[in-house]
Amino acid sequence: MEIKYRVADQEDLKEICDMFGAAVDRMIQNQIFQWDEVYPTEQDFRRDIERGELYVGVIEGRIAVVYVVNQECDEQYINGAWQHANEPYYVIHRLCVNPAFQNRGVARRAMLHIEEQLAGRGIHAIRLDSFSRNPYALRLYENLGYARVGTADWRKGRFYLMEKYF
């Protein structure tokens, strides 16, 4: 199962929004209340696309995974005891796998692709936050070597700030 990655464009917006809607429904079924109608929104995705920061991974003509990579972070990232604070870094936002492709290693492959993509830019530090009540995401990140370095408390609850240097 080959995944082709590319920068998203405005023509992808409807499919991205539909995919996130299905993913939120699946998360709610699994008692994971991380995302909702307040966040993330179509406007978030539109802005990400305009900035060239939203990427899609396509399998068999369908968007299977979406993620945003940039150097922006919320002010609560100050709570992180970042081990590589002096290194240039990027932040992963809104990683989401289409429910039709879940449980096939797509998220893991996307994360490895992101690391390779950033290494190609000379970046070897990645930061992200993960909802404390999303065991699937936590297991993914920890299995890939991301370490918890702090916490952030947002509207939906506690999130773990995580970092990897590779």
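Before reading on, note that the structure itself is shown above.
Heads up: these notes are all about the structure in this document. (Residues numbered from 1 in each chain as written. Predicted model: local features only at pLDDT ≥ 70, side-chain atom pairs only at ≥ 80, totals over all residues. Heavy atoms only, no water.)

## Quick look at the pairing of strand β3 (residues 62-70)
Part 1 of the argument: Burial runs high along β3: eight of the nine residues are buried.
Part 2 of the argument: The sheet contact formed by strand β2 (residues 54-59) and β3 spans six bridges and is antiparallel. Pairing of Tyr-55 across the sheet is with Tyr-67, part of β3.
Part 3 of the argument: Between the antiparallel neighbours β2 and β3 lie two residues, among them Glu-60 with a positive phi of about 50 degrees.
Part 4 of the argument: Note: β3 against strand β4 (residues 89-97), five bridges, orientation antiparallel. (Buried < 20%, exposed > 50% of the residue type's maximum accessible area, 1.4 Å probe, protein only. Helix = DSSP H or I, 4+ residues; strand = E, 2+ residues; numbered from the N terminus. Pairing = 2+ DSSP bridges.)

## Here's the deal with the sheet that holds β2
Part 1 of the argument: Taken in spatial order, the seven strands of this open sheet run β1-β2-β3-β4-β5-β7-β6, and their pairing is mixed. The open sheet has two edge strands, β1 (4-7) and β6 (147-154), and neither has a second partner. Between one strand and the next, the sheet's axes are offset by a mean angle of 30 degrees, whatever the strand orientation.
Part 2 of the argument: Taken together, the seven bridges between β6 and strand β7 (residues 157-165) define a ladder with antiparallel strand orientation. Looking at the pairing, Ala-152 lines up with Phe-159 of β7.
Part 3 of the argument: Along the sheet, helix α3 (residues 106-119) contacts β1, β2, β3, β4, β5 (125-131) and β7; its crossing angle with β3, the most-contacted strand, is approximately 40 degrees.
Part 4 of the argument: Against the sheet, helix α4 (residues 135-143) touches β4, β5, β6 and β7, its axis set at about 160 degrees to β5. (Axes fitted to C-alpha atoms, helices over the stretch in contact; angles between N-to-C directions. Contact = heavy atoms within 4.5 Å.)

## Description of the pattern of salt bridges
Part 1 of the argument: Taken as a whole and assessed by the stated rule, the structure comprises 12 salt bridges.
Part 2 of the argument: Across the pair Asp-18 and Lys-14 runs a salt bridge whose closest N-O atoms are separated by 2.7 Å. Of this pair, Asp-18 and Lys-14 both sit in helix α1 (residues 13-29), four residues apart, which is roughly one turn of the helix.
Part 3 of the argument: The closest approach of N and O atoms between Asp-153 and Arg-158, which form a salt bridge, is 2.8 Å.
Part 4 of the argument: Among the residues examined, Arg-158 registers a relative accessible area of 37% and is labelled partly exposed.
Part 5 of the argument: Counted as one network, the salt bridges with shared partners bring together Asp-44, Arg-47, Asp-48 and Arg-94. (Salt bridge = Lys/Arg side-chain N within 4 Å of Asp/Glu carboxyl O.)

## As for the side chain of Ser-132
Part 1 of the argument: Here Ser-132 shows up in the loop between β5 and α4.
Part 2 of the argument: Reaching out from Ser-132, the side chain makes a polar contact with the backbone oxygen of Arg-158 at a distance of 2.8 Å.
Part 3 of the argument: Once you skip the residues sitting within four places of it in the chain, Ser-132 turns out to touch Leu-138, Arg-158, Phe-159 and Tyr-160. (Polar contact = N/O pair within 3.5 Å; in protein donor to acceptor, adjacent residues only side chain to side chain.)

## Brief notes about the side chain of Asp-48
Part 1 of the argument: Tracing the sequence through the fold places Asp-48 in helix α2 (residues 42-50).
Part 2 of the argument: Looking at Asp-48, its side chain comes within polar contact range of the side chain of Arg-94, at 2.8 Å.

## Side note on the environment of Tyr-5
Part 1 of the argument: Mapping Tyr-5 onto the fold places it in strand β1.
Part 2 of the argument: Residues Tyr-5 and Glu-42 lie 37 residues apart in sequence; the distance between their C-alpha atoms is 21 Å.
Part 3 of the argument: Residues in contact with Tyr-5, not counting those within four places in the same chain, are Val-56, Gly-57, Val-65, Tyr-67, Arg-109, Ala-110 and His-113.
Part 4 of the argument: For Tyr-5, the side chain forms a polar contact with the main-chain nitrogen of Ala-110, separated by 3.5 Å.

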